[in-house]
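Structure assessment
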Amino acid sequence: MDDSTLIILYETRVLLREALKATLTANGNPVIVCHTMEQLAEELCSQKTLCRTLLVGAGGLGSDLTAMLRIMHYTETMVEKTVVYLPVPDALLTRLFLGARATHCLAEKELGDKLLPLLREQNAKLKRDERLSLSELDVLIDYSCGLQTREIADRGTRSYKTVFTIKRNARLHLGIESKSGWLGLLSKMSQLSSVYD
Amino acid sequence: MFTFHLRTVICGETYLSGIRQSLDNLARNNPHWQYTLQPQSVFSDEEVHLHIVDCTGCSSPGELPADTANLLNSRKTLVLLRAMQRDMTTLLLNDYACSILCVDERHCTIRSLVETVMKNRRFLSPLMKREKPPEKDAEVIILTRTEHSILEYLRQGLSGVEISKLLFRSEKTVSTHKRNIMQKLGVSDDFALSKKIKLTSVLYE
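The notes below deal with the structure included here. (Residues numbered from 1 in each chain as written. Chains lettered and ligands numbered in written order. Predicted model: local features only at pLDDT ≥ 70, side-chain atom pairs only at ≥ 80, totals over all residues. Heavy atoms only, no water.)

With 48 residues, the main nonpolar core has Leu40, Leu61, Leu69, Val84, Phe97, Leu140 and Leu185 of chain A as its most contacted residues. No other element matches the six residues that helix 9 (residues 179–193) of chain A contributes to this core. Not counting the four nearest positions on each side in its chain, Leu61 of chain A is found in contact with Tyr10, Met37, Val56, Met68 and Phe97 of chain A together with Arg106 of chain B. Of all hydrophobic cores here, the second largest spans 38 residues; its members include Leu9, Val83 and Leu119 of chain A together with Leu6 of chain B. (Core = buried A, V, L, I, M, F, W, Y, C linked by side-chain atoms within 4.5 Å. Buried < 20%, exposed > 50% of the residue type's maximum accessible area, 1.4 Å probe, protein only. Helix = DSSP H or I, 4+ residues; strand = E, 2+ residues; numbered from the N terminus. Contact = heavy atoms within 4.5 Å.)

In structure tokens form, the structure reads like this:
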């Protein structure tokens, strides 16, 4: 990949947005900065070329976390790479974003060293058993919003047992073996979502 | 022409780049204003208007070198923190005089920072101004000694089976204590319990 890859940057935080815009522009990459979900959706759907990378700052998502997870899942084939950077290194959140079809996950402190080399390398395909299906992502998001299994089943056209099965499959794909791991993931999603509350 | 002198004591590369870009934008829009941004180690006779200390990787001021920690008592020291560093934020707000910029701000401007510092006032970015000490928000719930020890294990992420082995109680007994804890905290599922126990302070009976 050459350095004229278009970067679609979704970063709501001022400092990081300015820093990354400057770094990528100095590297010769054209950058489109999106401040809102609507703007991001418009950019992803309007461009026809595949030579694009979506760069997302997870720490600035706030209440848009679940919307971003869905957008990443839906637009997997519209971009060549999706790179997410987390406020701090976190194995559970890394698996979550990779499961939602991000291709790479970094920590913010690694951006200086790893971002530019990462943009140049070839894509590594995520193993099929680490990716979440749309149903699994929907159920995970519903649990993270505090819904109970019965309520999740009632919202869709699924039975109570089907929701349990989908949850079990999501846990398998995310490599979560224990209940505390599952609750830990939901807590971290809740923390990320409530930064600006 | 006025020159604003900044010195970085500790600063991550990414945040430093963001601050520099914001200062460049400010200088571009104000032709009679310029700045210098250099590491602390660079010797200079000029008065330093602002020191920048990046504490996004620290959990307490004790982790900083002594001479850096001393700077935290000055309003002309700008500490960078993340929004999630609640304990560190409370400590700096209550026990130190330094200015604080949250790196997760969406709407903070460097202009307001510079103006506040030049007036010799403490600068707090909007997310930091909203931060309250945990004691004011926390509800006080009274638990028994056993309930308290089980709550601490739950906070660490242990399951009921693991707790029962540690405390030499049956699983049903631990389950009953956990149900009582959830009743007292006013929650009905494990996810709500995990969110609640981070916010609540408890006392023994």
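Now for helix 5 (residues 111–120) of chain A. Taken as a whole, helix 5 of chain A has its buried residues at Leu111, Leu115, Leu116, Leu118 and Leu119 of chain A. Projected down its long axis, helix 5 of chain A shows its buried positions confined to an angular sector of 160°, all on one face. (Arc of directions from axis to C-beta.)

So, about the pairing of strand 2 (residues 31–34) of chain A. Residues and elements named next belong to chain A. Sheet analysis places strand 1 (residues 6–10) next to strand 2, joined by four bridges and oriented parallel. Following the sheet pairing, Leu9 is matched in strand 2 by Val33. Between the parallel elements strand 1 and strand 2, the chain passes through helix 1 (residues 14–26) in a crossover that is right-handed. (Pairing = 2+ DSSP bridges. Right-handed = clockwise from strand over helix to strand, strands pointing away.)

All names here are of chain B. We note that Asn120 has phi near 60°; this positive angle belongs to a residue other than glycine. Tracing the chain through its elements places Asn120 in the loop between helix 4 (110–118) and helix 5 (126–130). If you check the backbone angles, Phe168 has positive phi at about 55° while not being a glycine. Within the secondary structure, Phe168 is located in the loop between helix 8 (160–167) and helix 9 (171–185). For Phe168, a relative accessible area of 77% gives the class exposed.

Looking now at the packing of aromatic side chains. All names here are of chain A. This structure, assessed with the given rule, holds four aromatic pairs over all chains. Seen in terms of ring centroids, Tyr143 and Trp182 are 5.7 Å apart; in terms of plane orientation they differ by 85°. Their pairing is edge-to-face. With Tyr143 in helix 6 (residues 134–144) and Trp182 in helix 9, this pair connects stretches of sequence that are 39 residues apart. Grouping residues by exposure puts Tyr143 and Trp182 together as buried. (Phe/Tyr/Trp six-rings, centres within 6.5 Å; stacked < 30°, edge-to-face > 60°.)

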